[in-house]
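Survey of secondary and tertiary structure
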Amino acid sequence: MIKALAEVTGNGDGVVFVRCQQKTSCGSCASKSACGTGIVNNALPGKVLDIQVPSDKPLAVGSIIEIGLEEQTVLKSAAVVYVLPLIFAMVGAFFGQFLANLLAAGEGVIILTSLAFGGAGVLVARSVSRKMERDAGMTPTLLRVLGTSLTDIAVINAATEDSD
(Lines give C-alpha, C1' and ligand atoms only; values in the text may rest on other atoms or scores of the structure.)
Protein backbone atom coordinates (compact mmCIF):
# COMPACT_ATOMS: atom_id res chain seq x y z
CA MET A 1 0.00 0.00 0.00
CA ILE A 2 1.23 3.48 -0.88
CA LYS A 3 0.81 5.81 2.11
CA ALA A 4 0.81 9.59 2.38
CA LEU A 5 0.09 12.23 5.00
CA ALA A 6 -2.70 14.69 4.28
CA GLU A 7 -4.38 17.63 5.98
CA VAL A 8 -8.16 17.76 6.35
CA THR A 9 -9.61 20.82 4.59
CA GLY A 10 -13.31 20.06 4.97
CA ASN A 11 -16.07 17.54 5.52
CA GLY A 12 -18.83 16.41 3.22
CA ASP A 13 -21.57 13.82 3.12
CA GLY A 14 -19.66 10.63 3.96
CA VAL A 15 -16.35 12.03 2.71
CA VAL A 16 -13.47 14.09 4.06
CA PHE A 17 -11.75 16.61 1.81
CA VAL A 18 -7.98 16.44 2.23
CA ARG A 19 -4.95 18.16 0.72
CA CYS A 20 -1.61 16.42 0.35
CA GLN A 21 1.72 17.11 -1.31
CA GLN A 22 2.44 14.94 -4.35
CA LYS A 23 5.48 12.76 -3.81
CA THR A 24 8.06 12.42 -6.56
CA SER A 25 10.75 9.83 -6.98
CA CYS A 26 13.35 12.58 -7.33
CA GLY A 27 15.33 13.25 -4.21
CA SER A 28 15.86 9.66 -3.17
CA CYS A 29 18.92 8.82 -5.24
CA ALA A 30 22.56 9.66 -4.58
CA SER A 31 23.01 11.83 -7.68
CA LYS A 32 20.06 14.17 -7.05
CA SER A 33 22.31 17.23 -6.73
CA ALA A 34 24.00 16.62 -10.10
CA CYS A 35 20.93 15.43 -12.01
CA GLY A 36 19.07 17.95 -14.13
CA THR A 37 15.69 16.52 -13.21
CA GLY A 38 16.55 16.65 -9.50
CA ILE A 39 17.67 20.29 -9.75
CA VAL A 40 14.47 21.30 -11.55
CA ASN A 41 12.42 19.34 -9.01
CA ASN A 42 14.06 21.21 -6.13
CA ALA A 43 13.57 24.59 -7.83
CA LEU A 44 9.85 24.22 -8.51
CA PRO A 45 7.22 23.99 -5.78
CA GLY A 46 5.57 20.60 -5.26
CA LYS A 47 2.14 19.89 -6.63
CA VAL A 48 -0.69 19.91 -4.11
CA LEU A 49 -3.53 17.41 -4.59
CA ASP A 50 -7.07 17.87 -3.30
CA ILE A 51 -8.66 14.47 -2.70
CA GLN A 52 -11.96 13.16 -1.34
CA VAL A 53 -11.55 10.26 1.10
CA PRO A 54 -14.55 8.25 2.36
CA SER A 55 -15.00 8.60 6.12
CA ASP A 56 -17.70 7.51 8.56
CA LYS A 57 -17.13 10.44 10.90
CA PRO A 58 -16.32 14.09 10.26
CA LEU A 59 -12.81 15.17 11.18
CA ALA A 60 -11.63 18.55 12.44
CA VAL A 61 -10.33 20.87 9.76
CA GLY A 62 -6.53 21.00 10.01
CA SER A 63 -6.18 17.45 11.31
CA ILE A 64 -3.35 15.38 9.89
CA ILE A 65 -4.38 11.96 8.61
CA GLU A 66 -2.69 9.08 6.85
CA ILE A 67 -4.29 7.90 3.61
CA GLY A 68 -3.42 4.83 1.57
CA LEU A 69 -3.84 3.61 -1.99
CA GLU A 70 -3.34 0.05 -3.16
CA GLU A 71 -0.50 -0.56 -5.61
CA GLN A 72 -2.91 -2.52 -7.80
CA THR A 73 -4.95 0.66 -8.26
CA VAL A 74 -1.89 2.60 -9.44
CA LEU A 75 -0.92 -0.17 -11.86
CA LYS A 76 -4.43 -0.36 -13.34
CA SER A 77 -4.54 3.41 -13.77
CA ALA A 78 -1.12 3.48 -15.43
CA ALA A 79 -2.11 0.67 -17.79
CA VAL A 80 -5.26 2.52 -18.83
CA VAL A 81 -3.63 5.91 -19.26
CA TYR A 82 -0.39 4.84 -20.97
CA VAL A 83 -0.83 1.42 -22.53
CA LEU A 84 -4.36 1.70 -23.94
CA PRO A 85 -3.61 4.66 -26.28
CA LEU A 86 -0.37 2.94 -27.35
CA ILE A 87 -2.24 -0.24 -28.26
CA PHE A 88 -4.80 1.80 -30.21
CA ALA A 89 -1.98 3.58 -32.09
CA MET A 90 -0.33 0.26 -32.96
CA VAL A 91 -3.63 -1.18 -34.22
CA GLY A 92 -4.05 2.01 -36.26
CA ALA A 93 -0.58 1.54 -37.77
CA PHE A 94 -1.38 -2.05 -38.76
CA PHE A 95 -4.70 -0.95 -40.24
CA GLY A 96 -2.94 1.92 -42.03
CA GLN A 97 -0.40 -0.52 -43.49
CA PHE A 98 -3.23 -2.69 -44.78
CA LEU A 99 -5.00 0.37 -46.18
CA ALA A 100 -1.78 1.70 -47.77
CA ASN A 101 -1.18 -1.65 -49.48
CA LEU A 102 -4.79 -1.77 -50.66
CA LEU A 103 -4.72 1.77 -52.08
CA ALA A 104 -1.07 1.67 -53.18
CA ALA A 105 -0.48 4.78 -51.10
CA GLY A 106 2.58 5.92 -49.14
CA GLU A 107 3.48 6.15 -45.49
CA GLY A 108 1.25 9.17 -44.94
CA VAL A 109 -1.80 6.92 -44.71
CA ILE A 110 -0.09 4.79 -42.04
CA ILE A 111 0.88 7.85 -40.00
CA LEU A 112 -2.57 9.42 -40.22
CA THR A 113 -4.43 6.23 -39.24
CA SER A 114 -2.01 5.62 -36.39
CA LEU A 115 -2.56 9.17 -35.07
CA ALA A 116 -6.34 8.86 -35.48
CA PHE A 117 -6.47 5.53 -33.65
CA GLY A 118 -4.10 6.88 -30.97
CA GLY A 119 -6.41 9.87 -30.43
CA ALA A 120 -9.36 7.51 -30.16
CA GLY A 121 -7.35 5.53 -27.60
CA VAL A 122 -6.83 8.69 -25.54
CA LEU A 123 -10.58 9.34 -25.56
CA VAL A 124 -11.32 5.74 -24.54
CA ALA A 125 -8.67 5.93 -21.79
CA ARG A 126 -10.22 9.15 -20.48
CA SER A 127 -13.65 7.54 -20.36
CA VAL A 128 -12.36 4.39 -18.65
CA SER A 129 -10.32 6.38 -16.10
CA ARG A 130 -13.39 8.44 -15.15
CA LYS A 131 -15.33 5.22 -14.56
CA MET A 132 -12.42 3.91 -12.48
CA GLU A 133 -12.47 7.09 -10.35
CA ARG A 134 -16.06 6.38 -9.33
CA ASP A 135 -15.22 2.80 -8.34
CA ALA A 136 -15.02 2.44 -4.54
CA GLY A 137 -11.95 0.19 -4.76
CA MET A 138 -9.99 2.83 -6.67
CA THR A 139 -10.25 5.61 -4.07
CA PRO A 140 -7.77 6.27 -1.26
CA THR A 141 -8.71 4.97 2.17
CA LEU A 142 -8.37 6.64 5.55
CA LEU A 143 -5.79 4.62 7.48
CA ARG A 144 -5.50 6.62 10.71
CA VAL A 145 -5.94 10.03 12.24
CA LEU A 146 -2.67 11.42 13.56
CA GLY A 147 -3.91 14.62 15.24
CA THR A 148 -3.92 18.34 14.69
CA SER A 149 -1.62 20.28 12.43
CA LEU A 150 1.67 21.50 13.85
CA THR A 151 0.92 25.04 12.69
CA ASP A 152 -2.06 25.16 15.07
CA ILE A 153 0.06 23.98 18.01
CA ALA A 154 3.20 26.06 17.41
CA VAL A 155 3.02 29.53 18.91
CA ILE A 156 5.69 32.13 18.26
CA ASN A 157 6.82 34.08 21.31
CA ALA A 158 6.17 37.68 20.39
CA ALA A 159 7.42 39.30 23.60
CA THR A 160 9.62 42.34 23.05
CA GLU A 161 11.48 41.96 26.35
CA ASP A 162 13.31 39.07 27.93
CA SER A 163 11.58 37.37 30.81
CA ASP A 164 13.09 37.46 34.31
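Figured I'd write up the structure that's included with this text. Note that residues are indexed from 1 along each chain, following the sequence as it is written. Only residues with pLDDT of at least 70 get local features here, since the model is predicted, and only at 80 or more are side-chain atom pairs given and counted; chain-wide, interface and lining totals rely on the full set of residues. Note that water and hydrogens are dropped before the side-chain values are worked out from all heavy atoms of the structure.

Digging into the layout of surface pockets
For the largest pocket, the calculated volume is near 1100 Å³. Within this scheme a cavity is a closed region of a 1 Å grid, computed over the protein atoms alone, that accommodates a 1.4 Å probe without allowing it to escape, whereas a pocket is open but has protein on both sides within 12 Å along at least five of seven lines; lining residues each have an atom within 4 Å of a point. For the largest pocket, the lining is made up of 28 residues, of which Leu49, Ile51, Leu69, Val74 and Pro140 are closest to its centre. Elements with a minimum of two residues in the lining of the largest pocket: strand 1 (2-11), strand 2 (15-21), strand 3 (48-54), strand 4 (63-69), helix 2 (71-103) and helix 3 (107-134). For the lining of the largest pocket, the leading source of residues is helix 2, giving seven residues. Throughout this entry, Asp, Glu, Lys and Arg are counted as charged residues, while Ala, Val, Leu, Ile, Met, Phe, Trp, Tyr, Cys and Pro are counted as nonpolar. The remaining residues, Gly among them, count as polar. A class-by-class count of the residues in the lining of the largest pocket yields 15 nonpolar, eight polar and five charged. Grid points are joined across faces, edges and corners, and a volume is the space filled by probe spheres set on the points. The helix count covers DSSP runs of H or I at least four residues long, the strand count covers runs of E at least two residues long, and both are numbered beginning at the N terminus.

A word on a nonpolar patch on the surface
On the surface, a cluster of nonpolar side chains totalling about 480 Å² of accessible area is made up of Val81, Tyr82, Val83, Ile87 and Val91. Among the secondary structure elements, tyrosine 82 is positioned in helix 2. Residues qualify for a patch when their relative accessible area is over 30% and they have no salt bridge, like charges being joined within 9 Å and the nonpolar side chains of Val, Leu, Ile, Met, Phe, Trp and Tyr within 5 Å. Accessible surface is estimated by sampling points in the Shrake-Rupley manner with a 1.4 Å probe; for residues, cover comes only from the protein chains shown. Salt bridges are identified by distance alone: a Lys or Arg side-chain nitrogen within 4 Å of an Asp or Glu carboxyl oxygen.

Note that every value here comes from positions in space, so none of it alone points to a role or purpose.
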